[in-house]
Amino acid sequence: MSRSRQHADPLLWLRNGKPGVGLAVPFAAVALACLGVILVPPYVSGWWVYALAGLLLVAVAALFVLAVRRPERTWLDPAPAYLMFPFVALVHHASGGAAGGTSSGLSASVLLPILWLAITGTRRELWVASGLTVLVFLLPIVLIGAPEYVWGDWRRAAVWSTVALVLAPVVQRIVHDLDRETRRARTANERVERLFDNAPHGVALLDPAGTVVRVNTALAVIVGLEPPDMVGHPFTSFETPGEDAISDHVERLMSHRSEIMDAECRLRDSGGNDVAVALSSTVVQDPQIGDIVMVNVVDVSDRRRYLDRLAHLADHDVLTGLANRRRFESELERHLDRCRRHGPTGALLLLDLDNFKQVNDSLGHNAGDQLLVTIAGLLRRSIRTTDVVARVGGDEFAIMLTDADQAAAQRVADLVVERIRDHAATLDGVRRHVSASVGAVTFAAASEHSADILALADMTMYDAKESGRNRVALLAEGEGRGPRSSMRLQWQSRIEEALEHDRFALHFQPIMDMKTGRIDSAEVLLRLRGEDGELVPPGRFVYIAERAGLMPRVDRWVLDRSLEMLAQLRQIVPDFCLEVNISGASMGDPAVEQTILSALQRFDVDPHALILEITETSAVADVALAREFAERMAALGCRFALDDFGAGFGSFYYLKHLIFDYVKIDGEFVAHVHRSSVDRTIVRSIVGIARDLGKQTVAEFVSDPEILEVVRAEGVDYAQGFLIGKPVPMDVFIEEFLLVPAPVPAVAAD
């Protein structure tokens, strides 16, 4: 603690026992006054009395200075007070006894050293002072005696001695209590000061007019100033120009003094940047200083940016920055309301990229994403700011022209197709073949057909695809003919009818264990029975079922029939297993999961015998959803196969994030593995990774003995393909592969 701080605080003796100059000044003044009084008549004493009294005062001052300079308390600290008693005795003698009087007017000067020690001394030093007080009054009486001192002086000595003995402890206790309360108040005040200054959020104290009285460091940091630079200025002067949220906030607060008011505003910092803050204020009423407005200021810039980002993500596609399907449907509904009130106007364009899947499969998803971002930019530049462009699917975009007739819709659609074609022509590899098929429908045409404009645009877009792609199909106004792609609606009706009348069929393709040569498992393949008995392969109707949202119903039918047949097959081969494909739309569907549970129980099938195949294309839509589905099914005992592994660049990502027991190597790498060193290296890598992960591998498209030889040499666990067996109905499968031991295909000798 600094020396100046000690001098300013006369009560610091309770902490370090060292008095300050501020305390000594009034005592010195009284002592000098006493010395001055005895120097003037009627008091007359010998010169030696005055000289000795003066020397004693000088000695007291010297001892005091020496004591103050020492850092710790020593015997010097009470010495000045002890030395004051001889001085008091001389003053008392000179003012009374020396003049022959019977009383001294300066007897009260004995209180000087007593009060000094009561304030700065210990209890023991105070008792010593009490004894010295008695000596001050008794020694002159005993040593000098009459006639200077008479019986009355004995009484005076007794009174002053009693006063010293009683008053000194009382004064000391009062001083102790006063110091304790002072320290307690100071500690509380310092704590409040620290809490105010070191608060993690900004705090400002304002007068009722809104002028800053005090601010803490956190608030000063928010606005980029020092706290003193803010004091005395209206708090509104730190608000973003043009806003008056703070003044409204203070007015509402002063009119509702008993409440806590919250508000949000923006402050302008010293760099000219706006900072979003939240205010929470209350009025503190004080009868001495008046009303004070205490404002808590919290920087919510990060939260505001986060909320703005969430709001943006809710309505925009993360990859391209375009409006997403949710936002587009909202804008479409708003425009339809306008059309209902004022008549149909504008047009809707639905765009799908041709051959885009080849980009992802051949060059990877990063190349595909980059292409989507570029095309999104092309679409933005092809429309007006009043129009809306959105990404509504993986490679599907929608454009709503808010004010366009049929000719304008045709013109914009042709421009879009041309720009995408020209851009793709500048690219390398498979991206050169990317083009756009656009379906265009005006709102007037949609009203003529009394149909959903999105559905009409979707079907019209498929007219463009079926006409050769890279073109525009426009639904003409004033014609009763609908889109040619209404054939898709017919296919949708056929799928729904097949579900209702059980017109699907299941075929089984055998899978051979490479170690034993046994056929102990098979993959279930779906077929649709036509009216003429034709079995339609899934490639012709599955994509329609997916777009129509029918795949969960189809998968439920397949799973139910497959488990029924699996129960029959396991009666022939007890450890027989069946692989069943499941689409991405079915993963996480409660009805699909319930179908699996009920069928396993109804047909009493061991869940371990059911292997669910998840393809990369179905899992990529929502990897987290696929994993959650797999975890629930794995808990039942079902197993999983990752189908078509290697078809896309995301394969290793799925290895990390999906639950699986088998890796089915995509036929693209197996079909030519006996002739291509690259394919063989890829197959070897996949087998090695699967083995390191403790998984087994299945080679698809094994159609030649040489292929079988290579995949066996590379350590593949299972083989599937036309060499092992073609897909056949269940009765044929049982007869050819289960009742008669299947011959192991010949393998060329080493």
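Above this text you will find the structure in question.
Residues numbered from 1 in each chain as written. Predicted model: local features only at pLDDT ≥ 70, side-chain atom pairs only at ≥ 80, totals over all residues. Heavy atoms only, no water.

Caption draft 1: Structural detail: the side chain of aspartate 354. In this structure, aspartate 354 sits in strand S6 (residues 347–354). A distance of 2.7 Å separates the side chain of aspartate 354 from the side chain of serine 435, its partner in a polar contact. Within polar-contact distance, the side chain of aspartate 354 engages the side chain of serine 437 at 2.9 Å. Not counting chain neighbours up to four residues away, the residues in contact with aspartate 354 comprise His433, Val434, Ser435, Ala436, Ser437, Lys465, Arg469 and Asn470. (Helix = DSSP H or I, 4+ residues; strand = E, 2+ residues; numbered from the N terminus. Polar contact = N/O pair within 3.5 Å; in protein donor to acceptor, adjacent residues only side chain to side chain. Contact = heavy atoms within 4.5 Å.)

Caption draft 2: Up close: unusual backbone geometry. Unusually for a residue other than glycine, asparagine 355 sits at a positive phi of about 65°. On the secondary structure map, asparagine 355 appears in the loop between S6 and helix H14 (356–363). One non-glycine residue, asparagine 470, lies in positive phi territory at about 55°. Within the fold, asparagine 470 resides in the loop between helix H18 (453–466) and strand S10 (472–475). Judged by its relative accessible area of 26%, asparagine 470 falls in the partly exposed class. (Buried < 20%, exposed > 50% of the residue type's maximum accessible area, 1.4 Å probe, protein only.)

Caption draft 3: A look at the sheet that holds S6. Here 5 strands make up an open sheet; going across it, the order is S7-S8-S6-S9-S10 and the pairing mixed. The outermost strands of the open sheet, each flanked by one partner alone, are strand S7 (388–391) and S10. Here the strands of the sheet are splayed against their neighbours by 15° on average, with no regard to which way each runs. Along the sheet face, helix H15 (residues 365–381) touches S6, S7 and strand S8 (396–401) and points at about 10° away from the line of S8. Where H18 meets the sheet, it contacts S6, S8, strand S9 (435–442) and S10, and its direction lies at approximately 140° from that of S9. (Pairing = 2+ DSSP bridges. Axes fitted to C-alpha atoms, helices over the stretch in contact; angles between N-to-C directions.)

Caption draft 4: Just the packing of helix H21 (residues 551–572) against helix H29 (residues 730–738), in detail. Contact geometry of H21 with H29 gives a least axis separation of 12 Å together with a crossing angle of 20°. In terms of orientation, H21 lies roughly parallel with respect to H29. Handedness of the H21/H29 crossing: right-handed. Contact with H21, carried on its side by Met565, Gln568, Leu569 and Ile572, involves Met730, Phe733, Ile734 and Leu738 of H29 and no other residues of that element. A class-by-class count of the residues in the contact of H21 with H29 yields 7 nonpolar, 1 polar and no charged. (Parallel < 35°, antiparallel > 145°, perpendicular 65-115°, else oblique. Left-handed = near helix turned anticlockwise from the far one by under 90°. Nonpolar A, V, L, I, M, F, W, Y, C, P; charged D, E, K, R; others polar.)

Caption draft 5: Inspection of the layout of surface pockets at higher detail. There is about 370 Å³ of room inside the second largest pocket. Along its surface, the second largest pocket is lined by 16 residues, and Ala24, Phe27, Ala28, Val60 and Ala61 are the ones closest to its centre. Taken together, the elements giving at least two residues each to the lining of the second largest pocket come down to helix H3 (21–38), helix H4 (47–69), helix H5 (79–95) and helix H6 (111–120). The dominant element in the lining of the second largest pocket, judged by the number of residues it contributes, is H3, at 6 residues. (1 Å grid on protein atoms, 1.4 Å probe; cavity = no way out; pocket = protein on both sides within 12 Å on 5 of 7 lines; lining within 4 Å. Points joined across faces, edges and corners; volume = space filled by probe spheres on them.)

Caption draft 6: Geometry of the nonpolar core. By size, the foremost hydrophobic cluster in this structure holds 79 residues, and its most contacted members are Ile495, Phe504 and Phe733. Broken down by element, this core gets its largest block of residues, 10 residues, from H21. When residues no more than four places from it in sequence are discounted, the contact partners of isoleucine 495 are Phe504, Leu528, Phe541, Ile544, Ala545, Leu550 and Val554. In this structure, Val68, Phe87, Leu117 and Leu126 belong to the second largest nonpolar core, which totals 35 residues. (Core = buried A, V, L, I, M, F, W, Y, C linked by side-chain atoms within 4.5 Å.)

Caption draft 7: Representation of the environment of asparagine 470 within the structure. In this structure the C-alpha to C-alpha distance between asparagine 470 and valine 434, which are 36 residues apart in sequence, comes to 8.5 Å. Among residues more than four places away in sequence, those in contact with asparagine 470 are Asp354, Val417, Arg421, Ser435, Ala436 and Ser437.

Caption draft 8: Just the pairing of strand S18 (residues 696–699), in detail. Here 4 bridges tie strand S17 (residues 662–665) to S18, and the two strands are oriented parallel to one another. For tyrosine 662, the partnering residue across the bridge sits in S18 and is glutamine 696. In this sheet, strand S19 (residues 718–720) lies alongside S18 in parallel orientation, the contact comprising 2 bridges. Opposite alanine 699, over in S19, you have alanine 719 as the bridge partner. Between the parallel pair S18 and S19, the chain is carried across by helix H28 (residues 705–713), and the sense of this crossover is right-handed. (Right-handed = clockwise from strand over helix to strand, strands pointing away.)

Caption draft 9: Up close: the sheet that holds strand S2 (residues 212–215). Strands sit in the order S2-S1-S5-S4-S3 across an open sheet of 5 strands; the sheet is antiparallel. The sheet is open, and its two borders are formed by S2 and strand S3 (261–268), each paired with just one other strand. The average undirected angle you get between the axes of adjacent strands in this sheet is 30°. Most of the contacts of helix H11 (residues 245–255) go to S3, to which it runs at about 155°, and overall it touches strand S1 (202–206), S3, strand S4 (274–286) and strand S5 (290–299).

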